[in-house]
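Survey of secondary and tertiary structure
Spelled out, the chains give:
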Amino acid sequence: MDTPSQNKIKKLHPLVREEVTQIVKDCDEALTGRAKVRITQGLRTFKEQDVLYAQGRTKAGKKVTNAKAGQSIHNYGLAVDICLIIDGKVASWDTAKDWDNDGVADWYECVKIFAKHGWNWGGNWKTFKDLSHFERRSIWKGARKINATWRNLQNLPKDKDGYVVFTK
C-alpha cells in the first residue's frame, strides 16, 4: 500500500481504519497487473465540504457533490474515494480497463471487494453517481447495528479527536 493511502486511512474513523487497510490489501492482491488502489480522499472537514459544494454553484467548475457540510459521510471519516495507480505513477479512474487481463475490469474487482466488506458504492446511486466513492453506511457496536447516515451521525456525540462516538 502506498504512503498517500496510508496517510488517508490514518485519518479515517478509528472503527474503519483496519477494515479499509484490509480492503486495499485485498484489492491490491486481486489486481495482479499494472494497477494498484490508492485512497484519494477519506476524512473531509466541513470547510472542505463547503468548498466542494460551492463548485459549480457559486464557484467555477462542474458540480462534484450534492452534499453540504455535515451531509457527507466523508465528514465523519466513514467514506473513501479511490483511483487506480498504474505502474506506480499514473492515476486512473478508468472503470472499464482490465490491467491484469483476467477478464474483469480492475475497477469492478475493487467494487466487489468493498461490497464483500459491507461498503456501499457511489456507482450504485440512482442519481449523481460517484464511481470513485465507497462508504460504510452501517456500523456494528457489539450486537447493535447503527445506520451511519449523515442525519444520524450529525447528532451523535464526538470524542476528544472529533470522531463520532457510537454508544452501546
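Attention in this report is confined to the structure presented alongside it. These numbers were taken from a predicted model, which means no experiment stands behind them.

Here is what the cut-offs are and how they apply
Residues numbered from 1 in each chain as written. Predicted model: local features only at pLDDT ≥ 70, side-chain atom pairs only at ≥ 80, totals over all residues. Heavy atoms only, no water. Helix = DSSP H or I, 4+ residues; strand = E, 2+ residues; numbered from the N terminus. Rg over C-alpha atoms; globule rule 2.2 N^0.38 Å. Contact = heavy atoms within 4.5 Å. Areas by Shrake-Rupley, 256 points an atom, 1.4 Å probe, with all protein chains shown as cover. Lys, Arg positive; Asp, Glu negative; His and termini not counted. Charge placed at Lys NZ, Arg CZ, Asp CG, Glu CD. 1 Å grid on protein atoms, 1.4 Å probe; cavity = no way out; pocket = protein on both sides within 12 Å on 5 of 7 lines; lining within 4 Å. Points joined across faces, edges and corners; volume = space filled by probe spheres on them. Nonpolar A, V, L, I, M, F, W, Y, C, P; charged D, E, K, R; others polar. Core = buried A, V, L, I, M, F, W, Y, C linked by side-chain atoms within 4.5 Å. Buried < 20%, exposed > 50% of the residue type's maximum accessible area, 1.4 Å probe, protein only. Salt bridge = Lys/Arg side-chain N within 4 Å of Asp/Glu carboxyl O. Axes fitted to C-alpha atoms, helices over the stretch in contact; angles between N-to-C directions. Left-handed = near helix turned anticlockwise from the far one by under 90°.

This part is about the overall build of the protein chain. Regarding its fold elements, the protein chain presents five helices and seven strands. N-terminal to C-terminal, the α/β element order of the protein chain is α-α-β-α-β-β-α-β-β-β-β-α. By the compact-globule yardstick of 15 Å for 168 residues, the protein chain fits well, its C-alpha radius of gyration being 16 Å. Dimensions of the protein chain, computed from C-alpha atoms along their principal axes, come out at roughly 45 × 45 × 30 Å. When contacts within the protein chain are restricted to residue pairs at least 6 apart in sequence, long-range pairs at least 24 apart make up 56% of them. About 9400 Å² of surface is accessible on the protein chain, with carbon and sulfur atoms providing 50% of the total. Taking the average location of the 30 positive side-chain charges in the protein chain and that of its 20 negative ones, the two points are 9 Å from each other.

Turning to the layout of surface pockets, a few remarks are in order. Reported here for the largest pocket is a volume of approximately 720 Å³. What lines the largest pocket is a set of 29 residues, among which Thr65, Asn66, Trp125, Phe128 and Asp130 lie closest to the centre. Sorting the residues of the lining of the largest pocket by element identifies α3 (46-54), β5 (133-135) and α5 (150-153) as the ones contributing at least two each. Across the lining of the largest pocket, the residue classes tally to eight nonpolar, twelve polar and nine charged.

Formed by 35 residues in total, the largest nonpolar core has its most connected members in Val20, Leu78, Val80, Ile82 and Leu84. Secondary structure elements with two or more residues in this core: α2 (17-30), β1 (35-41), β2 (79-86), α4 (106-116) and α5. Those residues within four positions of leucine 78 in sequence are excluded, and the remaining contacts are His13, Val16, Ile73, Trp119, Phe134, Glu135, Arg136, Ile139, Ala148, Leu153 and Phe166.

Here we come to the pattern of salt bridges. Going through the model one piece at a time under the given rule, you end up with seven salt bridges. The closest approach of N and O atoms between arginine 136 and glutamate 19, which form a salt bridge, is 3.1 Å. Taken as a pair, arginine 136 in the loop between β5 and β6 (138-141) and glutamate 19 in helix α2 lie far apart in primary sequence, 117 residues in all. Across the pair, glutamate 19 and arginine 136 agree in class, each one buried. Across the pair arginine 44 and aspartate 81 runs a salt bridge, and its minimum N-O distance is 3.7 Å. With arginine 44 in the loop between β1 and α3 and aspartate 81 in strand β2, this pair connects stretches of sequence that are 37 residues apart. The residues arginine 44 and aspartate 81 share a single accessibility class, namely buried.

Attention now goes to the packing of α2 against α4. Axis separation between α2 and α4 bottoms out at 9 Å; the angle between their running directions is 145°. When you trace α2 past α4, the crossing you get is right-handed. Only Glu109, Cys110, Ile113, Phe114 and Lys116 of α4 make contact with α2, whose side of the interface consists of Ile23, Asp26, Cys27 and Ala30. When grouped by side-chain class, the residues that make up the contact of α2 with α4 number six nonpolar, no polar and three charged.

Moving on, we get to α4. Listed as buried for α4 are Asp106, Trp107, Glu109, Cys110, Val111, Ile113 and Phe114. Considering only its buried residues, α4 is in contact with α2, β1, β2, β3 (90-92), β4 (120-121) and β5. Glycine 118 lies just past α4 and shows a positive phi near 90°.

Here the focus is unusual backbone geometry. Non-glycine residue aspartate 87 carries a positive phi angle of around 55°. Residue placement: aspartate 87 occurs in the loop between β2 and β3. The backbone phi angle of asparagine 101 is positive, close to 55°, even though this residue is not glycine.

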